[in-house]
Protein chains: 2
Amino acid sequence: MTSGTDKTKTSATSNAPAIILVDPQMGENIGAAARAMLNCGLTDLRLVNPRDGWPNERANAMSVGALEKMPDVKVYKTLKDALAEFHYVYATSARLRELEKPVMTAHEAVTDMKSRTNNNQNTAILFGAERTGLTNDDVALADYLINIPLNPSFSSLNLGQAVLLLAYEWSQTDETFKPASVPTAPATHAELQGLLDRLMNELDDHNFFRSVEVKPHMVRNLTTTLTRAGMTEQEIATFHGMISALTGKKTPRTNK
Amino acid sequence: MTSGTDKTKTSATSNAPAIILVDPQMGENIGAAARAMLNCGLTDLRLVNPRDGWPNERANAMSVGALEKMPDVKVYKTLKDALAEFHYVYATSARLRELEKPVMTAHEAVTDMKSRTNNNQNTAILFGAERTGLTNDDVALADYLINIPLNPSFSSLNLGQAVLLLAYEWSQTDETFKPASVPTAPATHAELQGLLDRLMNELDDHNFFRSVEVKPHMVRNLTTTLTRAGMTEQEIATFHGMISALTGKKTPRTNK
């Protein structure tokens, strides 16, 4: 029931949304949800009335270590208890409701959560039980509805997958989640021009340009192709090597 | 090997990206990928060298019917064979590569795919084997790298989940995937004003406003609260009913 103080545990992102699973049935799905959360930097998982109790060995196995790294999961008997400390609550729902609640896409919802968490407001996202989803009574307690538009003729989303989509959308608002970039060593235009000049000279020597009339056009096309490739220093050197191999002439020093 | 002509099958979205799983091992993951695809409206699944052959009973079970509804999965011996008909190929990768390829986020990649498919160019997204991912030789055949930024200390994403994230991002570019909206019957401001007027009169009669000085401030606050609630006709009627119950006076006809 208490937050973990174990030093091996990941500390929660300040004020990131909590994920609350209401009446979850299968431990495997709780574990998959935990894994998806930690993948995306979320660590505050809460359960309301888990069918098979807590802790759950199947959840641990399916989380592939995520539950060990996250703060202890908090467990509540009722959704009202679980919501006590939150300022804004978002209920996920696959289907239309007769309840009048503002409906958001997942992207709109995390954008809203981001601005609220920046103002130190606590937010939580609710997910219902497998198959049945949240009850209307559960949804009535929430401030907003999140509807993930899916293929209307095939919309059954696994609980772990639903958590993943929201956690992923949240991670996209986090500036520390930037794609990995490859350290590149792009060639300068002088290096590219050296290659182009050598290539055109060799092609001239080997009678590649059939006539004086077509040569400017062909030079322009070859220049365009090789410029578009955005070559690196290493790739320019490889092309010089190819020309040397095909012509039997070493790469001139000035072009290296 | 051929596209299905069975009338029960879902027809592919014209030119939507194909999903290609390279060297997939577990049938369960192929089934989960198919389910995630169909959830998001994608139907063109291709396999390169599936470890346990094809078809696969575990894949069928895990797809929860998706594989039956989709066109037949195409199976290839090599990635080169599988790529033959595509104009642009995007390789997913969890880690940095030494290969010089343009790196995109999932969102950037589907935006790029969308503009290409609008120009009738065929696109495909590659996913590698569980655990090992795509080989560098596989990645070399792709035009672009897709990197999904995840928690660096816990980034292992299940194959089905990885397919879901890309398929979901694709679905977000599809205008037919709009969130369900609730048919609402919002009250007019005249209806709201009728409720406010009646409420203020009753509060006045019951000596709620302690002094003439504070009354305008309290009226303004109550007006703000009830206006912000964005009430429907039905909710206005319910509030009139509440006032009737608390005061013992019927709702006046003019306020109905």
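Residues numbered from 1 in each chain as written. Chains lettered and ligands numbered in written order. Predicted model: local features only at pLDDT ≥ 70, side-chain atom pairs only at ≥ 80, totals over all residues. Heavy atoms only, no water.

## Some remarks on the overall build of chain A
Filter applied, for reference: For the purposes of this entry, the term helix denotes a DSSP run of H or I that reaches at least four residues, the term strand denotes a run of E that reaches at least two, and both are numbered from the N terminus. Each residue's exposure class comes from its accessible area (1.4 Å probe, protein chains only) as a fraction of the maximum for that residue type: buried when under 20%, exposed when over 50%, partly exposed otherwise. Should any heavy atoms of two residues lie within 4.5 Å, those residues are considered in contact. Surface exposure here means Shrake-Rupley accessible area, sampled with a 1.4 Å probe, where a residue is shielded only by the protein chains that are shown.
Looking only at helices and strands, chain A features ten helices and seven strands. In terms of principal-axis extent, the alpha carbons of chain A reach across some 85 × 45 × 35 Å. Within the span of chain A, comprising 256 residues, buried residues form 46% of the whole. Long-range pairs, those at least 24 residues apart, make up 83% of the contacts in chain A with a sequence separation of at least 6. Counting only carbon and sulfur atoms, one obtains 52% of the accessible surface of chain A, whose full area is about 13,500 Å².

## Let's talk about the relation of the copies chain A and chain B
The line we're drawing: Least-squares superposition of the copies uses the C-alpha atoms of those residues scoring a pLDDT of at least 70 in each of them.
Once chain A is rotated about the relating axis by 180° and shifted along it by 0.0 Å, it coincides with chain B to within an RMSD of 0.1 Å. Within this description, the copies of the chain are treated as partners about a two-fold rotation axis. By residue overlap, the copies meet face to face through one surface: 100% of the interface positions of chain A are interface positions in chain B.

## Observations regarding the interface of chain A and chain B
The condition is simple: Summed over both partners, the accessible area (1.4 Å probe) lost when two parts come together is defined as the buried area. Any Lys or Arg side-chain nitrogen located within 4 Å of an Asp or Glu carboxyl oxygen qualifies as a salt bridge. Pairs of N or O atoms are called polar contacts if they sit within 3.5 Å, as long as, within protein, a hydrogen donor faces a hydrogen acceptor (for residues adjacent in sequence, only side-chain-to-side-chain pairs). Three residue categories are used. Nonpolar comprises Ala, Val, Leu, Ile, Met, Phe, Trp, Tyr, Cys and Pro, charged comprises Asp, Glu, Lys and Arg, and polar comprises the others, including Gly.
On the side of chain B, 47 residues touch chain A, which itself brings 47 residues to the contact. It is A:E100, A:F154 and A:Y168 in chain A that bury the most area against chain B; as a group they hold 18% of the surface buried on that side. Linking chain A with chain B are zero salt bridges. At the boundary of chain A and chain B, one finds eight residue pairs in polar contact (both at pLDDT 80 or more). A breakdown of the residues in the side of chain A that touches chain B according to their chemical character gives 24 nonpolar, 16 polar and seven charged.

## Observations regarding the packing of aromatic side chains
Test applied: In summary, the pairing rule links any two rings of Phe, Tyr or Trp, Trp by its six-membered ring, whose centres are within 6.5 Å, and it sorts them by plane angle into stacked for under 30 degrees, edge-to-face for over 60 and tilted for everything else. Note on geometry: a ring has a charge over it if NZ (lysine) or CZ (arginine) is within 6 Å of the ring centre and within 35 degrees of the ring normal.
What the rule picks out here adds up to six aromatic pairs over all chains. Arranged with centres 5.2 Å apart and planes meeting at 75°, the rings of A:F208 and A:F209 form a pair that is edge-to-face. On the basis of an interplanar angle of 25° and a centroid distance of 6.4 Å, the ring pair of B:Y88 and B:Y144 is categorised as stacked. Taken together, the residues B:Y88 in strand β4 (residues 88-92) and B:Y144 in strand β7 (residues 144-146) connect sequence positions 56 residues apart. The partly exposed category is assigned to B:Y88, whose relative accessible area is 24%. For B:Y144, a relative accessible area of 14% gives the class buried. Here A:R116 stacks its cationic end above the ring of A:Y88, 3.5 Å away from the centre of that ring.

## Overview of the side chain of A:E130
All names here are of chain A. Defined as follows: Counted as positive: Lys and Arg. Counted as negative: Asp and Glu. His and the chain ends are not counted at all.
Tracing the backbone through its elements, the reader meets E130 in the loop between β6 (123-127) and α6 (136-140). It is R51 that comes nearest to the buried, bridge-free E130 among opposite-charge side chains, at 6.9 Å. A distance of 2.9 Å separates the side chain of E130 from the backbone nitrogen of Q25, its partner in a polar contact. Discounting residues that sit within four places of it in the chain, E130 has contacts with D23, P24, Q25, M26, N29 and L159.

## Describing the nonpolar core
Cut-off, in case you're wondering: What makes a nonpolar core is a set of buried Ala, Val, Leu, Ile, Met, Phe, Trp, Tyr and Cys residues whose side-chain atoms join them at distances within 4.5 Å.
With 82 residues, the main nonpolar core has A:L21, A:L45, B:L21 and B:L45 as its most contacted residues. Leaving out residues up to four positions away in the same chain, A:L21 has contacts with A:I30, A:A33, A:L45, A:R46, A:L47, A:V48, A:F127, A:L159 and A:V163.

## Quick notes on the pattern of salt bridges
Inspection of the entire model under this criterion finds 16 salt bridges over all chains. A salt bridge links A:K249 to A:E202; the shortest N-O distance between them is 3.1 Å. Taken together, the positions of A:K249 in the segment after α10 (233-247) and A:E202 in helix α8 (residues 189-205) put the pair 47 residues apart, joining distant regions of the chain. A relative accessible area of 38% places A:K249 in the partly exposed class. Classification of A:E202 by relative accessible area gives buried; the value is 11%. Between B:D52 and B:R51 there is a salt bridge whose closest N-O contact spans 3.0 Å.

## Focus: the confidence of the model for chain A
All names here are of chain A. Heads up, the rule is: pLDDT: the predictor's confidence for each residue, scored from 0 to 100.
Looking at chain A as a whole, its pLDDT mean stands at 88, while 90% of the residues score no less than 70. Confidence drops under pLDDT 50 across residues 1-13; counting only partners more than four residues distant or on other chains, this segment forms 22 contacts. Reported confidence for the predicted complex is 0.81 by ipTM and 0.83 by pTM.

## Things to note about helix α5 (residues 106-118) of chain A
Each full turn of the α-helix corresponds to 3.6 residues, which orients residues three or four apart in the same direction. Going by this rule: Helices are assigned an expected span. That span is 1.5 Å times one less than the residue count. What the arc covers is the set of directions going from the helix axis to the C-beta atoms.
In this model, α5(A) (13 residues) spans 18 Å end to end at C-alpha, consistent with the 18 Å of a helix rising 1.5 Å per residue. Residues A:A106, A:A109, A:V110, A:D112, A:M113, A:R116 and A:T117 constitute the buried set of α5(A). Looking straight down α5(A), one finds that the buried residues subtend no more than 160° of arc, so they occupy a single side. In this structure, the buried residues of α5(A) make contact with β4 (88-92), β5 (103-104), β6, β7 (144-146) and α7 (159-172) of chain A together with α7 (159-172) of chain B. Positioned one or two residues after α5(A), A:N120 has a phi angle of 60°, which is positive.

## Comments concerning the sheet that holds strand β1 (residues 18-22) of chain A
Residues and elements named next belong to chain A. Put simply, the rule is: Should DSSP find at least two bridges between two strands, the strands are regarded as paired. Each axis is a line fitted through C-alpha atoms, taken for helices only over the stretch in contact, and angles between the N-to-C directions span 0 to 180 degrees.
With respect to topology, seven strands assemble into an open sheet ordered β3-β2-β1-β6-β4-β7-β5, the strand pairing being parallel. Two strands bound the open sheet, and with one partner strand each, they are β3 (74-76) and β5. Relative to β6, β4 runs parallel, the two being bridged by four bridges. Counterpart to A91 in the pairing with β6 is L126. Those strands touched by helix α1 (residues 27-39) are β1 and β2 (45-48), and its axis lies near 155° from that of β2.

## Some thoughts on helix α10 (residues 233-247) of chain B
All names here are of chain B. The end-to-end C-alpha separation of α10 is 21 Å, in line with the 21 Å expected for 15 residues at 1.5 Å each. For α10, the complete set of buried residues consists of I236, H240, I243 and S244. Looking straight down α10, one finds its buried side chains confined to an arc of 100°; they lie on one side. Residues of α10 that are exposed and angled more than 90 degrees away from the buried face: Q234, A245 and L246. Those residues of α10 that are buried lie in contact with α8 (189-205).

## Things to note about the environment of A:S63
Residue position: A:S63 is located in the loop between α2 (57-62) and α3 (66-69). Counting along the chain gives 32 residues from A:S63 to A:G31, while the straight-line C-alpha distance between them is 4.1 Å. If we skip the residues at most four places from it in the chain, A:S63 touches A:G31, A:A34, A:R35 and B:F154. For A:S63, the side chain forms a polar contact with the main-chain oxygen of A:N60, separated by 3.1 Å.

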